[in-house]
There are 4 protein chains.
Amino acid sequence: MSANWGVHIELSIFGESHGKVVGVNIGHLPAGIKLDWDFINREMSRRTPGKNNLSTSRKETDQVEIISGVIDDITTGAPLCAIIYNTSAHSKDYEELKTKMRPGHSDYPAYVKYQGFNDIRGGGHFSARVTAPLVFAGALCKLILKTKGIEVYSHILSIKDIKDDHFPLFLTSQMIDNLMQKEYPVINDDIYKQMKERIFEARKNQDSVGGKIECMVTGLPAGIGNPFFDSVESHLSSLLFSIPAVKAISFGDLDDITRYSGSFTNDAYYYEENKVLCKTNHNGGIIGGITNGMPLLFTLGIKPTPSISRLQDTVDISSHTNTSLKIIGRHDPCVVLRASVIVEAMTAIGLLDLLNI
Amino acid sequence: MSANWGVHIELSIFGESHGKVVGVNIGHLPAGIKLDWDFINREMSRRTPGKNNLSTSRKETDQVEIISGVIDDITTGAPLCAIIYNTSAHSKDYEELKTKMRPGHSDYPAYVKYQGFNDIRGGGHFSARVTAPLVFAGALCKLILKTKGIEVYSHILSIKDIKDDHFPLFLTSQMIDNLMQKEYPVINDDIYKQMKERIFEARKNQDSVGGKIECMVTGLPAGIGNPFFDSVESHLSSLLFSIPAVKAISFGDLDDITRYSGSFTNDAYYYEENKVLCKTNHNGGIIGGITNGMPLLFTLGIKPTPSISRLQDTVDISSHTNTSLKIIGRHDPCVVLRASVIVEAMTAIGLLDLLNI
Amino acid sequence: MSANWGVHIELSIFGESHGKVVGVNIGHLPAGIKLDWDFINREMSRRTPGKNNLSTSRKETDQVEIISGVIDDITTGAPLCAIIYNTSAHSKDYEELKTKMRPGHSDYPAYVKYQGFNDIRGGGHFSARVTAPLVFAGALCKLILKTKGIEVYSHILSIKDIKDDHFPLFLTSQMIDNLMQKEYPVINDDIYKQMKERIFEARKNQDSVGGKIECMVTGLPAGIGNPFFDSVESHLSSLLFSIPAVKAISFGDLDDITRYSGSFTNDAYYYEENKVLCKTNHNGGIIGGITNGMPLLFTLGIKPTPSISRLQDTVDISSHTNTSLKIIGRHDPCVVLRASVIVEAMTAIGLLDLLNI
Amino acid sequence: MSANWGVHIELSIFGESHGKVVGVNIGHLPAGIKLDWDFINREMSRRTPGKNNLSTSRKETDQVEIISGVIDDITTGAPLCAIIYNTSAHSKDYEELKTKMRPGHSDYPAYVKYQGFNDIRGGGHFSARVTAPLVFAGALCKLILKTKGIEVYSHILSIKDIKDDHFPLFLTSQMIDNLMQKEYPVINDDIYKQMKERIFEARKNQDSVGGKIECMVTGLPAGIGNPFFDSVESHLSSLLFSIPAVKAISFGDLDDITRYSGSFTNDAYYYEENKVLCKTNHNGGIIGGITNGMPLLFTLGIKPTPSISRLQDTVDISSHTNTSLKIIGRHDPCVVLRASVIVEAMTAIGLLDLLNI
């Protein structure tokens, strides 16, 4: 399915970058969940660009309006539909983009799929803006998971060639607090400075950069997931690859598990106070598709933002000729910075669905 | 879902490594498909270990028996159920493994999930042996895709630190023929020699190695796939992460797309004889979740086989104590060699489902 | 699933009777469909109560607002989200209903399921009002089916003990035109008069009546549907039993097919100008779960509206005591009158999904 | 989906009437379920025809062979695949039926759907024989439901115009024991005699009869099911309409709920020892799509068996001419007799899936 997803938690998304709204309908939510708006708004703001000079100039307020399923800030159990109005869409001219396909963007595949009827303004339904309601849905799922002792964290593991420290084997509350207070979640402050340099450099060059997000889930019990078609990796990756620009996923704490020997990658078990743990987490808390009680750990690779201001070669699909295209405007040279909350949201949604709470 | 998968092609798998059979039921197959047994058996043999001294000693014949859905080697349109008898399962003693959890294997998570009722002999339902019927299903799907001009190829991109050449931008029939005639699909013969050394080394050390498979699909039209929840990446990754030991997937022809700039990773379009193509394929033929007409290209990371003969630390879940375990026997030190046909099978299944033929 | 439905056409519904909106998100709609608002509004008005003195006094305007997926009245292929604002909800006091469970309404089962958090005002999400966006979705599906020569018609087969003539074996365009021009779709005008009497009688007695809808689909090719789990009967009934108050479905043109002999119910085939037809349609155009080329025909039984003004015995779930309840207000004594368009809508949605257009 | 069904319990069926086997793969079964073969075999024999002179002469042994998912008669949690060999298929000539379409059978729709590739021998995959493995799956589900205090019962409500007494409001264990000991589950012994007469009459006339099954589920808690697309009625009807020859379903204890007034059909609540019950069960234990704590109650209408020995008009699809057909052989004039166990099986499967145990 495409607009709809999930079994125990049901999602249905809609909206376009420059249409009236973006939104999500969420079915099968438990009744009686209190909406913690402080938390929700903090999550929404983490996704919002423009809070500093590192990102695009578009200011989105992303005020969530709930139009069903909630009374007095408490879920009723009925489908919860939430919309976010698009307030700041530029009224700029998209005429040229109707026939000149932007490289790296969905323009051409969407043109073929929808025979040219697709909304091209700002990428239409393919825009990363559609992740805004998913961050809201993720915030709700996080609130529910938290009641079960399950928490989802992430940090920016890399921007281009600049790489942050990995998460440690187990997170401490001090590290989490520390991470939460930062402008962007990067563990090593020196690294963060270098990352900023890379981004400024890209902006200066009318270019863009990509990067990686490392995500950890704590508190997951062992025994979650299923063999084969519903492995935890399968379940989560189907959601995580929905995020625009995600091109790679790897599970475990190694940059490349294939370069090691089995004697190294087999995480040895031991008892600690009657609880089975592993001495290492190279398998990312999942063995045979099922959680083993260690923190769930994976890394997402996000390609460089396709929106760049350089002159690029492309085709004109009306005249069937080769041409070039220069997109004026100020682009966000690095969406990775604000991708962490999206990755966490999708992870929380996927786990809630899998946990069948 | 777990045993079942798919919408336009329906799979349902069953069986255990040391049980009576492994098998698959396939629904929604088109009627009138002629089973090409030469092709099917060749595919089955590609998965079979033991054809040379590189792999485990277990000789599986993997004779497919079709028990429904076919008359005179032609599909009837009814569900096609295929089983493969387990003929050579060792009758060795699994008593020790009932309480000592093998590191890297599904033993412990499965023990928790199934409260100890799971079949542990040879990994039970978690065994890679369950991929045998999936290779059969994949062979059928390949036959159907071929009638639409779509073909699936793969090669061993790496074994540990030894790395083959990447596929070229477009495959030539000569390269394919060349690859098909090799013992194992490795493009560069010198590299293959080095790979074998790594494997022998691992065996000698009672250890194992992992590696990568690069897979390319040719002939896919542009416009296949959907935005968000049913992106081509989502659809395929949910199947590919079902394969035991797969821990990473990345789309595109770059080892790590996040290390480049957008001006490099944006694949520029051009017209060649009225057909839109890209000058590069860094996005692996998928933009915005939808095919762009270029070959579909991705790389799978397979962890080192967990089966090793070394002494390993682990726990005894009956006595709740720390212990160690040494598994006697001759293990396959590198399942990557025969994983290519499994990867191709899953890809063919996933694409047939997505194409809704 | 609950809020979501469908594979080739994806629905997701939301909203409450006295909340802000009711709405539907529709995924996988073909791009390029022109919205015929004359047709859509006519369908919406068929569902609207209050157009005469036969029904409830609540005046719903049911103005559909499309908030995504459409540009210039043409579908873009992206999810189409449509909402209808609730303008005329009575601000009456629902305090008593929080603890006194109305017999025949969802109050008590919903109270148990949602632990009392459910919206009880006007039945909340269980209200027939939620069918308004489904009628809109059905209108879209009808427009698409029409391009394939498929049309969905229905009439009120009975109100209580008063029974209309059955549809003939094949519909004529004259009969359809005739039916369309009537206040409510009843074939026999004398019967309609008697039906109205039954309804007035019920209103006078502070009571309600139920009835039946007979629905026919013309233009369906033979060979649609699947054996067993996706028979046409299974596919449609799962949707039709979603309509509030529907308690029975039977396929075919007989009031009770079980009372006849096989020699009578076996519809004999014959050729008419190279087309295979049946001399009778006792199986309703479906044999073995698959269409046989005859019109699809079924009858839905709708129970009497549970909303009545009489004093009724019930329980108070806060005090755990037996009590009685009298609901003041003017109720619609017969929802069957306006159910025909809902039945047609669900049928159109179900068939579009099944047809995989 | 067609071969596959279910979310919390996964089914996948295969097989043909005259093929090698019929079978089912069952995923997501809880681990640790002890197979009670006495119970399972009793259920299997209830479906088997030929135990007396009322039915067809074909003797099926229906010995279930489990080929995966079970060790020492205890489920492992892995998919349980069960097959039943077809031992007694007549080797009669089906040549004539390849072109002459039997009225009332799936022959013609299947011919169109599968372009003539379908297995026509004994109806192939469309045969009621495919319900044998479903009865086995149902027996397993009943065993699991029983551990939760939920039981499924049914009786033959009618054969043609002869009608049994309805189930009482609540079943007593005496009535159940009584019913269980009978040749066929009919409450009223005099009625059973008359039913047998109808069946003998039909056989004498080379004709067949249909009838109704009334099914009751006891022990279901209130609050099960969902509004709209996953109402209990929707969930169960999608499965029940999978059973060959089922053409009608109605919920509740009335023959036709539409003929009554709301004041009668609104089931009044009352407290009995702190438990909420209803004074009547006209809604069959389901209100708003959700269980209300009363026994679940519904009636299935099964059309007369299409297999009759009379000369029937039909078409020859190879010569495109009208013709007639007389099928020699001894047919079962009334499949309703042995349908009760199938109806119970499908109900048990549907409820286990819905209950998400």
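Residues numbered from 1 in each chain as written. Chains lettered and ligands numbered in written order. Predicted model: local features only at pLDDT ≥ 70, side-chain atom pairs only at ≥ 80, totals over all residues. Heavy atoms only, no water.

Participant: What am I meant to see in the overall build of chain A here?
Facilitator: What chain A contains, in helices and strands, is eight helices and 18 strands. Here the C-alpha atoms of chain A give a radius of gyration of 21 Å, agreeing with the 21 Å that 2.2 N^0.38 yields for 357 residues. Dimensions along the principal axes, computed over C-alpha positions, put chain A at roughly 70 × 50 × 40 Å. Going through the 357 residues of chain A one by one, you find that 67% of them count as buried. Of the contacts formed within chain A by residues at least 6 apart in sequence, a portion of 71% connects residues at least 24 apart. Averaging the locations of the 36 positively and 40 negatively charged side chains of chain A gives two centres separated by 5 Å. (Helix = DSSP H or I, 4+ residues; strand = E, 2+ residues; numbered from the N terminus. Rg over C-alpha atoms; globule rule 2.2 N^0.38 Å. Buried < 20%, exposed > 50% of the residue type's maximum accessible area, 1.4 Å probe, protein only. Contact = heavy atoms within 4.5 Å. Lys, Arg positive; Asp, Glu negative; His and termini not counted. Charge placed at Lys NZ, Arg CZ, Asp CG, Glu CD.)

Participant: Could you clarify how one ought to interpret the UniProt feature "binding site: NADP(+)" (unreviewed entry) in chain A in this entry?
Facilitator: UniProt's feature table lists "binding site: NADP(+)" (unreviewed entry) at Arg47 of chain A, given in the numbering used throughout. In this structure, Arg47 of chain A sits in helix 1 (residues 37-47). (UniProt positions renumbered as here; feature names shortened; annotations may be inferred.)

Participant: I tried to follow the interface of chain B and chain D on my own but got confused; where do I start?
Facilitator: Quite often, the size of an interface is put as the accessible area lost when its parts meet. Each partner contributes to the interface: chain B provides 43 residues, whereas chain D provides 43 residues. Across the interface of chain B and chain D, roughly 3,000 Å² is buried in total on both sides, 60% from carbon and sulfur atoms. At the junction of chain B with chain D, the criterion picks out 16 residue pairs in polar contact (both at pLDDT 80 or more). Elements with a minimum of two residues in the side of chain B that touches chain D: strand 1 (4-5), strand 2 (10-15), strand 3 (21-27), strand 4 (64-66), strand 6 (74-75) and strand 7 (80-85) of chain B. (Buried area = accessible area lost by both parts, 1.4 Å probe. Polar contact = N/O pair within 3.5 Å; in protein donor to acceptor, adjacent residues only side chain to side chain.)

Participant: What's the story with the relation of the copies chain A and chain B in this structure? I'm lost.
Facilitator: One copy of the chain maps onto the second through a rotation about an axis and a displacement along it. When chain A is fitted to chain B, the best match, at an RMSD of 0.0 Å, comes from turning it 180 degrees and sliding it 0.0 Å along the axis. What the rotation and shift describe, once combined, is the action of a two-fold rotation axis. When the interface residues of chain A are mapped onto chain B, 100% of them again lie at the interface, so the same face is used by both copies. (Least-squares fit on C-alpha atoms with pLDDT ≥ 70 in both.)

Participant: Help me out: how do you make sense of the sheet that holds strand 11 (residues 246-251) of chain C in this one?
Facilitator: What holds strands together in a sheet is hydrogen bonding between their backbones, with the strands either parallel or antiparallel. A sheet is described by the order of its strands in space; here ten strands give the open sequence 9(C)-8(C)-10(C)-16(C)-11(C)-11(D)-16(D)-10(D)-8(D)-9(D), paired in antiparallel fashion. Only two strands of the sheet have a single neighbouring strand rather than two, namely strand 9 (162-163) of chain C together with strand 9 (162-163) of chain D. Where strand 8 (residues 151-159) of chain D and strand 10 (residues 211-218) of chain D come together, eight bridges link them in antiparallel fashion. The residue of strand 10 of chain D that forms the bridge with Glu151 of chain D is Thr218 of chain D. (Pairing = 2+ DSSP bridges.)

Participant: Could you clarify how one ought to interpret the packing of helix 1 (residues 37-47) of chain B against helix 3 (residues 131-146) of chain B in this entry?
Facilitator: Residues and elements named next belong to chain B. Running from N to C, helix 1 and helix 3 cross one another at 140 degrees; their axes reach a closest spacing of 9 Å. Between helix 1 and helix 3, the angle is such that the two are oblique. Note that helix 1 runs across helix 3; the crossing there is right-handed. Taken together, the residues of helix 3 that come into contact with helix 1 (itself represented by Trp37, Phe39, Ile40, Glu43, Met44, Arg46 and Arg47) are Thr131, Ala132, Val135, Phe136, Ala139, Leu140, Lys142, Leu143 and Lys146. The class makeup of the residues in the contact of helix 1 with helix 3 is ten nonpolar, one polar and five charged. (Axes fitted to C-alpha atoms, helices over the stretch in contact; angles between N-to-C directions. Parallel < 35°, antiparallel > 145°, perpendicular 65-115°, else oblique. Left-handed = near helix turned anticlockwise from the far one by under 90°. Nonpolar A, V, L, I, M, F, W, Y, C, P; charged D, E, K, R; others polar.)

Participant: Help me out: how do you make sense of the relation of the copies chain B and chain D in this one?
Facilitator: Mapping chain B onto chain D calls for a rotation angle of 180 degrees and an axial translation of 0.0 Å; the resulting RMSD is 0.0 Å. Taken together, the interface assignments show that 100% of the residues at the interface of chain B recur at the interface of chain D, consistent with an identical surface on both copies.

Participant: Before we go on, may I ask you to explain unusual backbone geometry in this structure?
Facilitator: Glycine aside, negative phi is the norm for most residues, and most peptide bonds take the trans geometry. Positive phi values are uncommon outside glycine, yet Ala245 of chain A reaches one of about 80 degrees. Tracing the sequence through the fold places Ala245 of chain A in the loop between helix 6 (232-240) and strand 11 (246-251). Positive phi is not limited to glycine here, since Gln115 of chain B has a value of about 55 degrees. Looking at where Gln115 of chain B falls in the secondary structure, it is placed in the loop between helix 2 (107-113) and helix 3.

Participant: What's the story with the UniProt feature "binding site: FMN" (unreviewed entry) in chain A in this structure? I'm lost.
Facilitator: This chain's UniProt record puts "binding site: FMN" (unreviewed entry) on His125, Phe126, Ser127, Gly288, Lys303, Pro304, Thr305, Pro306, Ser307 and Arg330 of chain A. In sequence the annotated residues extend across 206 residues, and in space they extend as well, their farthest C-alpha pair lying 45.9 Å apart. Take Lys303 of chain A: it is sitting in the loop between strand 16 (296-302) and strand 17 (311-316). Non-local contacts of Lys303 of chain A, meaning those with residues more than four positions away in its chain, are made with Gly104, Gly210, Ala245 and Lys247 of chain A together with Ile257, Asn283 and Ile287 of chain B.

Participant: Would you explain helix 1 of chain B in this entry?
Facilitator: Side chains that are three or four residues apart share a direction in an α-helix, a result of its 3.6 residues per turn. All names here are of chain B. Among the residues of helix 1, those classed as buried are Phe39, Ile40, Glu43, Met44 and Arg47. End-on view of helix 1: buried residues confined to an arc of 135 degrees, all on one side of the axis. Residues of helix 1 that are exposed and point more than 90 degrees away from the buried face comprise Asp38 and Arg42. If you follow the buried residues of helix 1, they end up packed against strand 4, strand 7, helix 3 and helix 8 (340-355). Between the side-chain oxygen of the N-cap and the backbone nitrogen of Asp38 there are 3.2 Å, and the N-cap of helix 1 in question is Asp36. (Arc of directions from axis to C-beta.)

Participant: Before we go on, may I ask you to explain the pattern of salt bridges in this structure?
Facilitator: Side-chain pairs of opposite charge can arise whenever the charged atoms involved come near each other. All chains considered together, the criterion is met by 84 salt bridges over all chains. Between Arg198 of chain B and Glu201 of chain B there is a salt bridge, with the nearest N and O atoms lying 3.7 Å from each other. Separated by three residues within a single helix, Arg198 of chain B and Glu201 of chain B lie in helix 5 (residues 189-204), roughly one turn from each other. Note on Arg198 of chain B: relative accessible area 21%, which makes it partly exposed. The class for Glu201 of chain B is partly exposed, based on a relative accessible area of 36%. In this structure, the salt-bridge partner of Asp62 of chain C is Arg47 of chain C, at a minimum N-O distance of 3.2 Å. Linking Asp62 of chain C in the loop between helix 1 (37-47) and strand 4 (64-66) with Arg47 of chain C in helix 1, this pair joins segments that are 15 residues apart in sequence. Under the relative-accessibility criterion, Asp62 of chain C is labelled buried at 3%. On the basis of relative accessibility, which here comes to 2%, the residue Arg47 of chain C falls in the buried class. Taken together, the salt bridges that share partners define one network made up of Glu43, Arg46, Lys142 and Glu344 of chain A. (Salt bridge = Lys/Arg side-chain N within 4 Å of Asp/Glu carboxyl O.)

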